[in-house]
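What follows is each chain in one-letter form.
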Amino acid sequence: MKIAICDDSHQDAMYLRSLLKENHDIIIYSGAEQLLRDLENKKAHYDLYLIDIYMEIISGIDLAKRLRLKEEDAAICFISSSDAFYRQAYDLYAVQYLLKPVQKEDLRQLVEKISQRIAKNKELSLQFRWRGKMGMIPYEKILFVSSREHTLFIQCKDGTVQECKGKLNEIALKICGDIFLRCHQSFIINMYYVSSLNGNELFISNYRIPISRRYLPTIKRRYQEILFEEMD
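Let me begin by describing the structure that accompanies this report. (Residues numbered from 1 in each chain as written. Predicted model: local features only at pLDDT ≥ 70, side-chain atom pairs only at ≥ 80, totals over all residues. Heavy atoms only, no water.)

Examining the overall build of the protein chain
To be explicit about the condition: Secondary structure elements are taken from DSSP: a helix is a run of H or I of four residues or more, a strand is a run of E of two residues or more, and numbering for both begins at the N terminus. Accessibility here uses a 1.4 Å probe with only protein chains present; expressed as a share of the type maximum, an area under 20% marks a residue as buried, one over 50% as exposed, and anything in between as partly exposed. Should any heavy atoms of two residues lie within 4.5 Å, those residues are considered in contact. All accessible-area figures derive from a Shrake-Rupley calculation using a 1.4 Å probe, and residue coverage is judged against the displayed protein chains alone. The charge count includes Lys and Arg as positive and Asp and Glu as negative, but it does not include His or the ends of the chains. Where a charge lies is defined by one atom per residue type, namely NZ (Lys), CZ (Arg), CG (Asp) and CD (Glu).
In terms of helices and strands, the protein chain carries 7 helices and 15 strands. Each principal axis of the C-alpha atoms in the protein chain carries an extent, and together these give about 65 × 45 × 30 Å. Considering the protein chain as a whole, with its 232 residues, one finds that 44% of them fall into the buried category. Of the contacts formed within the protein chain by residues at least 6 apart in sequence, a portion of 46% connects residues at least 24 apart. Counting only carbon and sulfur atoms, one obtains 48% of the accessible surface of the protein chain, whose full area is about 14100 Å². In the protein chain, the 34 positive side-chain charges and the 32 negative ones have mean positions that sit 8 Å from each other.

Some details on unusual backbone geometry
Geometrically, the link from Lys-100 to Pro-101 is a cis peptide bond, its omega value of -5° lying close to zero. Considering the arrangement of structural elements, one finds Pro-101 in the loop between strand 5 (96-99) and helix 5 (104-123). Positive phi values are uncommon outside glycine, yet Tyr-93 reaches one of about 55°. Position of Tyr-93 relative to the elements: it lies in the loop between helix 4 (86-91) and strand 5. The exposure class of Tyr-93 is exposed, given its relative accessible area of 64%.

Observations regarding the pattern of salt bridges
Filter applied, for reference: The term salt bridge refers to a side-chain nitrogen of Lys or Arg lying within 4 Å of a carboxyl oxygen of Asp or Glu.
Following the criterion strictly, the structure yields 8 salt bridges and no others. Its salt-bridge partner being Lys-70, residue Glu-40 comes within 2.2 Å of it at the nearest N-O pair. Within this pair, whereas Glu-40 is found in helix 2 (residues 32-40), its partner Lys-70 is found in helix 3 (residues 60-70), the two being separated by 30 residues in sequence. Salt bridges sharing partners connect three or more residues here, namely Asp-7, Asp-12, Asp-52 and Lys-100.

Some remarks on the sheet that holds strand 15 (residues 207-210)
How we decide: Here, any two strands with at least 2 DSSP bridges between them count as paired. Inter-axis angles, ranging from 0 to 180 degrees, are taken between N-to-C directions of lines fitted to C-alpha atoms, where helices are fitted over the stretch in contact.
Taken together, the 3 strands give an open sheet; going across it, the order is 13-14-15, and neighbouring strands pair in antiparallel fashion. Looking at the sheet topology across the chains shown, the edges are occupied by strand 13 (194-198) and strand 15. Neighbour-to-neighbour, the strand axes of this sheet turn through a mean angle of 25°, independent of strand direction. Bridge count between strand 13 and strand 14 (residues 201-204): 4 bridges; the pairing is antiparallel. Residue pairing in the sheet places Asn-198 in a bridge with Glu-201 of strand 14.

Below is the structure:
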């Protein structure tokens, strides 16, 4: 697991590191500025962020706010000598709030929780290869996958598009089921993001996507099922 420790107290940062197992990839930042630069330049991505709240220049709370803009699902744990920031931590969807001195068992339980989340995300993620590198995108972030001239385009909820080489038929065999369905020879869609159906078209966010006749009955049936799920 890749873990970032951000604390302007070197002693406290080294103490946290000593509590973690050696098989983790741990990077220590003495302030928020360098961590933000690494994220901005895409030099780093971490599975867990351990952030001290009381830091100079950029506080842990402000760092977490910026992290949320870059990584919506970032696993953030606040470390503090005071419980005065519980409300802000809650508003920022922190996974944990630990008081100093951090107890080894509390940290172990947190790491185990994040490990389980990572394992679950891997099970429900689309893996791809692009320019010699492997990547993975959780299903919940994908609106649809389209194909054009032997290239696949993974359209994500945040507006980004990931290109990769492959065939739509191969992707369909891997992911189609309750969440994803084929609706056209060039499209696989995430049914949970379909906002409406209109004849031989469906709408996902601001995208209008065609439905081939052969896929229309399956699309209609699954769309109705999801509507009833949401009513329940």
